[in-house]
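Residues per chain are reported as follows:
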Amino acid sequence: MPTDRDPETPETPEAAETPEAAETAEAPEALDAAGADAEGDDAAAAHSAAHRSRRPPSVTRDTARPEGGGRAAPGDAPAPARQWPLLTVLGLAALGLLIVGTDPFAQSFRVGTILVGVALLTGAVLRRILPSVGMLAVRSRFTDMVTYGIMGTLIVLLALMVEPNPWLKIPFLEDALHLTIT
């Protein structure tokens, strides 16, 4: 009983009938002295491609930056200047949250929430018009624009419709809102 098997030889008769097995079985006989190197390289490349794992590597060396995720200012500028689009959006959202939290006037909840929605809409506009927005780029340009735009619009609409004394009345949204609360 032989223990040393050639890995190229098929173990079952069914495997010998496959096209790959037929190619590997004929390959040594088809090679001549002039074409041995060229066809040997092709066979080695085909062999390595056939045995390549589809599993992702266990150690990642690098990740792809999102489209437009480069610096928004030159590399010699200070870090805040390079990330000004993100800082603009975060600053508007922080101002809105500060207004809601401190409650300095009668409609501060509504105004602060509108500012948070406007911050997201600003992020969508910046993502659209600027070629590079730094860390404001999270996904693809289209996905970021749609996500920021929809969330910003919904927050602004809900802030305008909040009770008491809503600033905006949209009948079908009012009914949906009352159905979810009651």
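From a predicted model like this one, the values you see are computed outputs, not experimental measurements.

**Student:** Residue-level account of the overall build of the protein, with values.
**Tutor:** Across its full length, the protein carries eight helices and zero strands. Along the chain direction, N to C, the helices and strands of the protein fall in the order α-α-α-α-α-α-α-α. A separation threshold of at least 6 residues defines the contact pool for the protein, and within that pool the share at least 24 residues apart is 56%. Accessible surface for the protein amounts to roughly 13300 Å². Of this, 63% is attributable to carbon and sulfur atoms.

**Student:** An account of unusual backbone geometry is requested, with residue identities and associated values reported.
**Tutor:** Of note, the phi angle at Asp103 is positive, near 50°, even though the residue is not glycine. Here Asp103 lies in the loop between helix H5 (84–102) and helix H6 (108–129). Unlike most non-glycine residues, Asn165 shows phi in positive territory, near 55°. Relative to the elements of secondary structure, Asn165 occurs in the loop between helix H7 (141–161) and helix H8 (171–181).

**Student:** Can you lay out the environment of Arg82 for me, pointing to particular residues and giving the numbers?
**Tutor:** Topologically, Arg82 is positioned in helix H4 (residues 79–82). Residue contacts for Arg82: discarding those within four places in its chain leaves Arg71, Ala72, Ala73, Pro74, Gly75 and Ala77.

**Student:** A description of the pattern of salt bridges should follow, citing residues and the corresponding values.
**Tutor:** The final tally for this structure, using the stated rule, is two salt bridges. Among the ionic pairs, Arg127 bridges to Asp144, the shortest N-O distance being 2.8 Å. Linking Arg127 in helix H6 with Asp144 in helix H7, this pair joins segments that are 17 residues apart in sequence. This pair shows no difference in class: Arg127 is buried, exactly as Asp144 is.

**Student:** An account of H7 is needed here, citing residue identities and associated values.
**Tutor:** The terminal C-alpha atoms of H7, which comprises 21 residues, lie 30 Å apart, in line with the 30 Å expected from a rise of 1.5 Å per residue. Within the span of H7, buried status applies to Arg141, Asp144, Tyr148, Gly149, Gly152, Val156, Ala159, Leu160 and Met161.

**Student:** Lay out the side chain of Arg110 in plain terms, naming residues and giving numbers.
**Tutor:** Among the structural elements, Arg110 can be located in helix H6. Separated by 3.3 Å, the side chain of Arg110 and the backbone oxygen of Leu160 make a polar contact. Within the structure, Arg110 has its side chain in polar contact with the backbone oxygen of Val162 (distance 3.3 Å). The residues touching Arg110, leaving out its near neighbours within four places in the chain, are Ala159, Leu160, Met161, Val162, Pro164, Asn165, Pro166 and Trp167.

**Student:** Please give an account of the nonpolar core that cites residues and values.
**Tutor:** Leu86, Val89, Ala93, Ala119, Ala124, Leu126, Leu130, Val133, Leu136, Ala137 and Tyr148 together form the largest nonpolar core, which totals eleven residues. Excluding residues that lie within four positions of it along the chain, Ala124 makes contacts with Met145, Tyr148 and Gly149.

**Student:** If you had to explain a nonpolar patch on the surface to someone new, which residues and values would you point to?
**Tutor:** Where nonpolar side chains cluster on the molecular surface, the patch consists of Phe142, Val146, Ile150, Met151 and Leu154 and spans about 480 Å² of accessible area. Of note, Val146 is situated in helix H7. When its relative accessible area of 33% is taken as the criterion, Val146 is described as partly exposed.

**Student:** Kindly report on the packing of H5 against H6, identifying the contributing residues and their values.
**Tutor:** Between H5 and H6, the shortest axis-to-axis distance is 7 Å and the interhelical angle comes to 170°. In terms of their interaxial angle, H5 and H6 are classed as roughly antiparallel. Within the contact between the two elements, H5 uses Trp84, Pro85, Thr88, Val89, Leu92, Ala93, Leu95, Gly96, Leu97, Ile99 and Val100 and H6 uses Ser108, Phe109, Gly112, Thr113, Leu115, Val116, Ala119, Thr122, Gly123 and Leu126. The residue makeup of the contact of H5 with H6, split by class, is 14 nonpolar, seven polar and no charged.

**Student:** So what about the confidence of the model for the protein? Which residues, and what values?
**Tutor:** Taken residue by residue, the protein gives an average pLDDT of 77. The fraction at 70 or more is 66%. Low confidence marks residues 13–36, where pLDDT is under 50. Its contacts with residues over four positions away, or in another chain, come to eight contacts.

The rules behind these values
Residues numbered from 1 in each chain as written. Predicted model: local features only at pLDDT ≥ 70, side-chain atom pairs only at ≥ 80, totals over all residues. Heavy atoms only, no water. Helix = DSSP H or I, 4+ residues; strand = E, 2+ residues; numbered from the N terminus. Contact = heavy atoms within 4.5 Å. Areas by Shrake-Rupley, 256 points an atom, 1.4 Å probe, with all protein chains shown as cover. Salt bridge = Lys/Arg side-chain N within 4 Å of Asp/Glu carboxyl O. Buried < 20%, exposed > 50% of the residue type's maximum accessible area, 1.4 Å probe, protein only. Expected span 1.5 Å × (residues − 1). Polar contact = N/O pair within 3.5 Å; in protein donor to acceptor, adjacent residues only side chain to side chain. Core = buried A, V, L, I, M, F, W, Y, C linked by side-chain atoms within 4.5 Å. Patch = residues over 30% accessible without salt bridge, like charges linked within 9 Å, V, L, I, M, F, W, Y side chains within 5 Å. Axes fitted to C-alpha atoms, helices over the stretch in contact; angles between N-to-C directions. Parallel < 35°, antiparallel > 145°, perpendicular 65-115°, else oblique. Nonpolar A, V, L, I, M, F, W, Y, C, P; charged D, E, K, R; others polar. pLDDT = per-residue confidence, 0-100.

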